[in-house]
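# Understanding the architecture of this molecule
Okay, here's what each chain looks like letter by letter:
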Amino acid sequence: MARSEKEVMMVAIDDSEQSAYALEWTLDRFFTPFASNPPFKLFIVHAKPTAASSIGLIGPGAAEVLPHVEADLRKIAARVVENAKELCITKSVNDAVVEVIEGDARNVLCEAVEKHHASMLVVGSHGYGAIKRAVLGSVSDYCAHHAHCTVMIVKKPKIKH
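Conventions used here
Residues numbered from 1 in each chain as written. Predicted model: local features only at pLDDT ≥ 70, side-chain atom pairs only at ≥ 80, totals over all residues. Heavy atoms only, no water. Helix = DSSP H or I, 4+ residues; strand = E, 2+ residues; numbered from the N terminus. Expected span 1.5 Å × (residues − 1). Buried < 20%, exposed > 50% of the residue type's maximum accessible area, 1.4 Å probe, protein only. Polar contact = N/O pair within 3.5 Å; in protein donor to acceptor, adjacent residues only side chain to side chain. Axes fitted to C-alpha atoms, helices over the stretch in contact; angles between N-to-C directions. Parallel < 35°, antiparallel > 145°, perpendicular 65-115°, else oblique. Left-handed = near helix turned anticlockwise from the far one by under 90°. Contact = heavy atoms within 4.5 Å. Nonpolar A, V, L, I, M, F, W, Y, C, P; charged D, E, K, R; others polar. Phe/Tyr/Trp six-rings, centres within 6.5 Å; stacked < 30°, edge-to-face > 60°.

The name given to the chain in an unreviewed UniProt entry is Universal stress protein A, with the source organism recorded as Corchorus olitorius.

## Examining helix α4 (residues 105–116)
Along its 12 residues, α4 runs 16 Å from first to last C-alpha, staying within 8% of the 16 Å computed at 1.5 Å per residue. Burial in α4 covers these residues: Arg106, Val108, Leu109, Cys110, Ala112, Val113 and His116. Of the residues that open α4, the one with a side-chain oxygen 2.9 Å from the backbone nitrogen of Arg106 is Asp104. Note on α4: the residue one or two positions beyond its end, His117, has a positive phi of about 50°.

## Quick notes on the packing of helix α1 (residues 17–30) against helix α3 (residues 62–90)
Put simply, α1 and α3 touch, their axes get as near as 10 Å, and they point 25° apart. It follows from the interaxial angle that α1 and α3 lie roughly parallel. Of the two elements, α1 crosses α3, and the hand of that crossing is right-handed. Across the interface between the two elements, Ala20, Leu23, Glu24 and Leu27 of α1 pack against Ala84, Leu87 and Cys88 of α3. Partitioning the contact of α1 with α3 into residue classes produces 6 nonpolar, no polar and 1 charged.

## Concerning the packing of aromatic side chains
Following the criterion strictly, the structure yields 2 aromatic pairs and no others. Ring geometry for Trp25 and Phe30: centres 6.3 Å apart, planes at 55°, overall tilted. Taking 6.0 Å as the distance between ring centres and 80° as the angle between the ring planes, the aromatic pair formed by Phe30 and Phe40 counts as edge-to-face. On the criterion of sequence distance, the pair formed by Phe30 in helix α1 and Phe40 in strand β2 (residues 40–48) is long-range, its members being 10 residues apart. Three or more aromatic residues link up through ring pairs in this structure, and these residues are Trp25, Phe30 and Phe40.

Structure follows, in structure tokens:
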């Protein structure tokens, strides 16, 4: 790697407030304070689920539902990307690369880390309880164990009442 090449920091985004918080937290600490010369090249990745995986059903009627689910997933992806780009612009980060890759987030993120030779992956924490995490599987847990780079899990602080 040439000395002038920056290391890649990748931030995973979805349509959750935890993900938006993780992106903002990362921008505030690693990009905005360095103005036009941040220490990293920023890649922002959204894993768009497949329609079939989202509805999880095969059989009569599934074929009619799939196009509607796919259209919704495309709208969500477009909104997620737009929000990420707006946040970057607000924070004076103008050269972030934003990608939407279809597939399971666990695989998409680990493969994107490899593809872009990322040295750090930032993911938000959804704060699922043990049962929900056991059933759904935690993307952050999976990435922490399988991504070939440092993984930083950003947790949104709980609001104290």
